[in-house]
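Structure assessment
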Amino acid sequence: MTTLRLGTRKSLMATTQSRHVADVLEERTGVTVELVGVTTEGDVSRAHLAQIGGTGVFVSALRDRLLSGEVDFAVHSLKDLPTGPAEGIALAAVYRRDDPRDALCGPAKLADLPRGATVGTGSPRRVAQLRALRGDLNVVPIRGNADTRLRKVTDGELDAVVLAYAGLGRIGRLDAVAEVLDPEQMLPAPGQGALAIECRSDRADLVELLRTVDDPATRAAVTAERTVLAALEAGCAAPVGAYATVEDTADVESSLYLTACVASIDGARQVRLSASGHPERAEEVGRELAARLFAQGADQLMGERDIEPR
Ligand SMILES: NCc1[nH]cc(CCC(=O)O)c1CC(=O)O
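Heads up: these notes are all about the structure in this document. From a predicted model like this one, the values you see are computed outputs, not experimental measurements.

Criteria and thresholds
- Residues numbered from 1 in each chain as written.
- Predicted model: local features only at pLDDT ≥ 70, side-chain atom pairs only at ≥ 80, totals over all residues.
- Heavy atoms only, no water.
- Near = heavy atom within 4 Å.
- Polar contact = N/O pair within 3.5 Å; in protein donor to acceptor, adjacent residues only side chain to side chain.
- Areas by Shrake-Rupley, 256 points an atom, 1.4 Å probe, with all protein chains shown as cover.
- Helix = DSSP H or I, 4+ residues; strand = E, 2+ residues; numbered from the N terminus.
- Nonpolar A, V, L, I, M, F, W, Y, C, P; charged D, E, K, R; others polar.
- Pairing = 2+ DSSP bridges.
- Axes fitted to C-alpha atoms, helices over the stretch in contact; angles between N-to-C directions.
- Contact = heavy atoms within 4.5 Å.
- Core = buried A, V, L, I, M, F, W, Y, C linked by side-chain atoms within 4.5 Å.
- Buried < 20%, exposed > 50% of the residue type's maximum accessible area, 1.4 Å probe, protein only.

1. Remarks on the site of the ligand
- All residues in the neighbourhood of the ligand are listed as Met-13, Ser-77, Lys-79, Asp-80, Arg-126, Leu-163, Ala-164, Gly-167, Arg-170, Gln-192 and Gly-193.
- A distance of 3.1 Å separates a nitrogen atom of the ligand from a polar atom in the side chain of Asp-80.
- Separating an oxygen atom of the ligand from a side-chain N or O atom of Arg-170 is a distance of 3.2 Å.
- Here the ligand loses 85% of its free accessible area of 400 Å² to cover by the protein chains.
- Elements that contribute at least two residues to the shell around the ligand include exactly β8 (160-164) and α6 (165-170).
- For the shell around the ligand, the residue count by class is three nonpolar, four polar and four charged.

This is how it looks when you write it as structure tokens:
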């Protein structure tokens, strides 16, 4: 009987999603999966993620363990993966997406927060879109895991925080959600709610085994979303939202619908556009949309990255 070592960050969110993928893989293939906890720079650094570059801080330590052979595969939150390819690493599977939306956590819905309420988030994308929705809010940068952020609300330091609904579900904290923000109001990060399963690209039989947990519809959707991000030459620290859905992958008629936005960090200006195409053309759909965003001034909007309150 084969035992595979699954490298994972040690947080509750990471171990929950890793164990879930492990269980599904065990059930579908008969292998045994053992979790191996790995500490990453993103878990120990006190700097704001946007400042330490954001891209890849949670990911590179796990990839190092794959390349050294200490672990066989890794599960990441897909939105934390840099868009560029990684030498020697294969994206063997994209696991079916959970709820992709952002959630406002605190005592009140967005419309019911008092004027000038203080809302915490570390993400320029959320900052820009929050300010676009409610220009009076005092949006402040925060860091730390979801539990730490939620505690700032219960401690009274903040009136609310915005976190990914999927992550809150994985740590059992959906009780903290006051309002789930519809993508019409707030576009999620590219890949939000989906999981990436990576292994060494030279292990062809392992790539094939891991593919049993791949979800082609999610893969096409996140490919389109991440292509927008890559084509804009933006990282996870950019005020860029993107969300794609796929209808009926089996069908020749099936369609992918993609919406993306770029917003100025003060929330005053926003470009938001949609495109569609066959899921097999996910990259082209993403590239075309990025070109249209550029044509509407996306690069000027992205230039303004200071997330400190005005
Ligand atoms: N950057 C941290 C991160 N990476 C993935 C998630 C949530 C789960 C997901 O989107 O899959 C979170 C926390 C958050 O944004 O609230």
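2. Considerations on the sheet that holds strand β5 (residues 102-105)
- One open sheet holds the five strands; their spatial order is β7-β6-β8-β5-β9, and the pairing between them is mixed. Each end of this open sheet is capped by a strand with a single partner; those strands are β7 (138-140) and β9 (177-181). For this sheet, the mean inter-axis angle between neighbouring strands, taken without regard to orientation, is 25 degrees.
- Direction of pairing for strand β6 (residues 118-120) relative to β8: parallel, over a ladder of two bridges. Across the sheet, residue Val-119 finds its bridge partner in β8, namely Ala-160.
- Helix α4 (residues 124-133) contacts β5, β6, β7 and β8 of the sheet and is inclined by roughly 125 degrees relative to β8.
- On top of the sheet, helix α5 (residues 146-154) reaches β5 and β8; it is set at about 160 degrees to β8, its chief contact.

3. Here we look at the nonpolar core
- If you look at the biggest cluster of nonpolar residues, it comprises 26 residues, and the most contacted ones within it are Leu-232, Val-240, Leu-256, Leu-258, Val-262 and Leu-293.
- Counting residues per element, the ones that place at least two in this core are α8 (216-231), β11 (240-247), β12 (255-263), β13 (270-277), α9 (282-295) and α10 (298-303).
- In terms of nonpolar packing, the next biggest core, distinct from the first, is built from 21 residues, Ala-22, Val-33, Ala-93 and Ile-197 among them.

4. Brief notes about the environment of Ala-178
- As for its placement among the helices and strands, Ala-178 is situated in strand β9.
- Judged by relative accessible area, Ala-178 falls into the partly exposed class, the value being 22%.
- Along the backbone, Ala-178 and Leu-137 are 41 residues apart, and their C-alpha atoms lie at a distance of 17 Å.
- Here Ala-178 is in contact with Leu-104, Cys-105, Gly-106, Ala-108 and Lys-109, once residues within four sequence places are set aside.

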